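Observations on the three-dimensional arrangement
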Amino acid sequence: MMRRNDNYLPAPGEEKNLDGDFTTAKARKESIPMIRLYADDGSSLHPSLGPYFFDGQRRVDYVLTYSIQKPSNIRRQSSKIGENFFRQLRRSMSMRSSRAPLQPREDPELAAQDQRSDYHEDDKRSTWKEFEKKLLESGLELEKDEGNKIPGTGFLKIHAPWNVLCREAEFMKLKMPTKKVYEVKQGRNLVEDIRSFIHRVTIPLHPKVEPNQPQAIKPLCHPFSREKQHLFDMSDRDKFFSSKTRSAIVYEVLKRTRCIMSGSTNYSMGITTLLGNGVYTSAYPLHDGDIDGVNAEPNDRKLLYEEWASYSVFYKYQPINLIRKYFGEKVGLYFAWLGVYTQMLIPAAIVGVIVFLYGCATVDDNIPSMEICDPRNNITMCPLCDRACSYWKLVTACGTARASHLFDNPATVFFSIFMALWAVLFMEHWKRRQMRLNYIWDLTGFGEEEEEEHKDHYRAEYELRVMQKSMRQDQSEPKEEKVKLTCTDRLPAYITVVVMMGFMIAVTFAMVFGVILYRISIKAALHMSTNPAARSNIRATVKGTAAVINLIIIIILDEIYAAIARWLTTLEVPKTDQSFEERLIFKTFILKFVNAFTPIVYLAFFRGRLVGRPGKYLYVVDSYRMEECAHAGCLMELCIQLCITMLGKQLIQNNLFEIGIPKLKKLLRKRKTDLDSKEEEELNRTLQRHEKDHLLGPFVGINPEYMEMIIQFGMVTLFVASFPLAPLFALLNNIIEIRLDAKKFVMELRRPIAARAKDIGIWYNLLRGLSKVAVIVNAFVIAFTSDFIPRLVYQYTYSPDGTLHGFVNHTLSYFNVSDFEPGTAPMQPNHLGYGVKVCRYKDYREPPWSSTPYDLSKEFWAILAVRLAFVIVFQNVVMLMSDFVDWLIPDIPKNISLQMHKEKVLMVELFMKEEQGKTIAAQGSQSQDNGTDKPSPVQPRPRHARAGW
């Protein structure tokens, strides 16, 4: 592999001018203009050039921006009018995303934002010249634009000529289409017949995106080679390398190009370091064109807006191939995964609604809730808190008991098993879909060797730290080895990371504990209230307000944890972008997962189990008695908490922030600027493509999008036994989320650098881990949180008639009110109108008149044994079924496997024909040199031998 500072040698085809477009190095350098697009008076020389150089022929493939101190005599009147407008516009656009702390590595401006530092203006100019000289030596063509309509900003437009594109495409091993095409034959089997039938039925749901060629015909692709240019389909050179590919090639050259920064001694820096030091302020490729307006010619961006980013086409499939063509494979895989996930939510949502409707239909036939609601059962319950609370009737919990049956019924066990298998089917379906996309996008050969090229580029922070370390060393010492950061250098950072991660998790636990104290105190306060309305709605008030407080804490801590995770990752100074991204994702996922699910885990497994019993309660902070569940259990409160958290995060954090904040900033920006709507529209119309894109927000990556979907996946699968409507809410959210993200990518953000990827990376492992954990969590929820196991044990062991009649009385224990601890008895013991001697509480304990009063009864141990047995059986059965489904469904579709094998055979035949043609041509040439016209006895020479066919 060539090092970054190595010089490229011209290929044989380049020296011999096989492509007909080769110029000498000297002539090429002389043809590179470093000109400005504006005259001395500030007027535009070429007002409608579009994304091209001033000659109107060479396309702008990449743009670097830098700060300039423009003389006042060349400032145009229009720039004076719009100066305040553009300053406000740029500031608001750059801060548009509230989830920016989870940054990817594709955007060099964001990758270097943590290293912003002051750099002297003269040093900047000398570094510009050095870096631009290196770019010219690499073959790129440059053009400056310093007289634009954005005050204080200069643009360096970069164009990659044909020979550079060919050279870099060969170096990057880009697969390009050859002249050889073949017919993709679909196998005739049941699966393909079903797929074809579904395709015909859903034709109205497909976007109106015309493919470049019939889907049954596919070109044979091969890594580009300059020596074999005649094999590739170069009928249209302007379209052979797409704009996405051209910008990716230029970015690779920028990353590899190094220059000596002014002020440093023999230490070269790359583009990310130059951006970090403020030498350049931003770097980005250009969008293909405008979306609307009189100058909006047909282009891929406009087509994406019409068929993908518009809310009017929410019911249609996504044009995944066009998304990949415009944004690259990494972004294309995200939206393909999101589409598969959303489609798979449809059957899950349908089954969840059926389970919920089953609970609604059977609520009147549920014997336990009927017994609770029957006023003839004169059951007096023990107080729910000390002193302030008094005795209460079980019949007052009728509404909670009936509502709990909607989510706690026998159908929820089936739904838990269904969702466990659903998660496995989703993962298997995605693997097959991913493999199919790899084949269609010609990524089947993209492996570790190509990925190593991305790992070879160091991050700006790492380079700066290495430079600082080298400058601290004694200059007199010989430097036999290259300076690098060791584990000893990073040890303080590692200790800080561990301590801060533990501290943040402890903060989450403290917040949850604070909400627990709030519930305990507000319940006691409401019981002491003299307002009848407050006393009659205590349960609803406490549950609702506590859930809302939890949601607010989760949203606030999410934003704080995202920034802290990025800060901690930056402290570690990872060497490569991939290492930085993986560490950042891991830290952010741990913190956000703990933050979102800690309140839910407490309600599901701890509340009501650390209470004690009447006369011997468990207290925290001396006087706060631990809260207990209602008679119907904690499942209803768990459902309320999960519902509010899920809907709140989706509506507020994901949708409202993404829609509301940009619109609010746009409104404030309009109020601050002096331009009215017509002047603003006229000014936007006259801007060049690189100026318009400069005003857009930087691409913040797809990791934040993945993160919110992973948390949602956890909400859908981990506690689905308590909230069967979760898949339905997730489905509705994702339908909006797809179009919201699409609109953001197409209209509001700069075009990302196309990044190649063959899978979704670490996110697949997180999804698979969550699906495994979901089986265990749902088993414990059914066994310990719901009353499914106690009802089952009672019906088949203790019931006299094999029904649930008497189940409520069976679950209640007796307590003698004379056994209250001093100072804990109710202040109003006659609240019900009569004196109470014995009250009931939900637990399996011996009565006060037994030989072992208040000890755990034998029913408790029997139910506990059945609960543990259910967890073991449920977990093993579901995982066995999941593994069977995983084994039954192959990862690679059979037809794709056959087509891949066919491609290999055709590729071998293609190169065999080429070698055969070269051999015949060489033999013919040798015969002519010997003075004979006699053809070779091997076989006659075909007419197309020189073309290699």
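Everything below is about the structure shown above.
Rules used throughout
- Residues numbered from 1 in each chain as written.
- Predicted model: local features only at pLDDT ≥ 70, side-chain atom pairs only at ≥ 80, totals over all residues.
- Heavy atoms only, no water.
- Helix = DSSP H or I, 4+ residues; strand = E, 2+ residues; numbered from the N terminus.
- Buried < 20%, exposed > 50% of the residue type's maximum accessible area, 1.4 Å probe, protein only.
- Disulfide = S-S within 2.5 Å.
- Contact = heavy atoms within 4.5 Å.
- Pairing = 2+ DSSP bridges.
- Axes fitted to C-alpha atoms, helices over the stretch in contact; angles between N-to-C directions.
- Parallel < 35°, antiparallel > 145°, perpendicular 65-115°, else oblique.
- Left-handed = near helix turned anticlockwise from the far one by under 90°.
- Nonpolar A, V, L, I, M, F, W, Y, C, P; charged D, E, K, R; others polar.
- Salt bridge = Lys/Arg side-chain N within 4 Å of Asp/Glu carboxyl O.

**Brief notes about unusual backbone geometry**
- Positive phi is not limited to glycine here, since K173 has a value of about 60°.
- Residue placement: K173 occurs in the loop between α6 (162-171) and β4 (175-183).
- Since its relative accessible area comes to 26%, K173 is described here as partly exposed.
- Of note in the backbone geometry, Y854 takes a positive phi value of approximately 65° without being a glycine.
- Looking at where Y854 falls in the secondary structure, it is placed in the loop between β16 (838-842) and α31 (858-888).

**Quick notes on the state of the cysteines**
- Under the counting rule described, the total for this entry stands at 3 disulfides.
- The disulfide that involves C382 links it to C839, with 2.0 Å between the sulfurs. Handedness here is read from the sign of the S-S torsion; for C382 and C839, about 85°, the answer is right-handed. A residue pair is termed long-range when its members are at least 10 positions apart, and C382 in the loop between β9 (380-381) and β10 (392-393) and C839 in strand β16 qualify at 457 residues. The pair C382 / C839 is uniform in exposure class, with both members buried.
- What pairs with C385 in a disulfide is C389, and their sulfur atoms sit 1.6 Å apart. Disulfide C385-C389: torsion about the S-S bond near 95°, hence right-handed. The pair C385 / C389 is uniform in exposure class, with both members buried.

**Focus on the side chain of K316**
- Within the element layout of this structure, K316 appears in the loop between α11 (300-307) and α12 (320-327).
- If near-sequence neighbours (up to four positions away) are discounted, K316 is found in contact with P204, L205, H206, P207, K208, E307 and R739.

**Section: the sheet that holds strand β8 (residues 282-284)**
- Here we have 4 strands laid out as an open sheet, ordered β2-β3-β1-β8, and antiparallel in their pairing. One side of each edge strand has no neighbouring strand; the edge strands of this open sheet are β2 (141-145) and β8. Recorded for the sheet is a direction-independent mean angle of 20° between the axes of neighbouring strands.
- Here helix α9 (residues 243-256) sits on the sheet and contacts β1 (62-67) and β3 (153-159); the angle it forms with β1, its principal contact strand, is near 50°.

**Brief notes about the packing of helix α13 (residues 329-361) against helix α26 (residues 703-718)**
- Where α13 contacts α26, the two axes come as close as 12 Å, and the packing angle between them is 20°. Classed by the angle they form, the pair α13 and α26 counts as roughly parallel. In terms of crossing hand, the pair formed by α13 and α26 is left-handed. Note on element contacts: α26 touches α13 through E705, Y706, M709, Q712, F713 and V716, opposite L333, Y334, W337, L338, Y341 and L345.
- Broken down by class, the residue content of the contact of α13 with α26 amounts to 10 nonpolar, 1 polar and 1 charged.

**Brief notes about the pattern of salt bridges**
- Going through the model one piece at a time under the given rule, you end up with 39 salt bridges.
- Between K316 and E307 there is a salt bridge; the shortest N-O distance is 3.4 Å. Neither residue differs from the other here; K316 and E307 are each classed as buried.
- The partner of R689 in a salt bridge is D693, and the shortest N-O contact between them spans 3.0 Å. Of this pair, R689 and D693 both sit in helix α25 (residues 689-695), 4 residues apart, which is roughly one turn of that helix.

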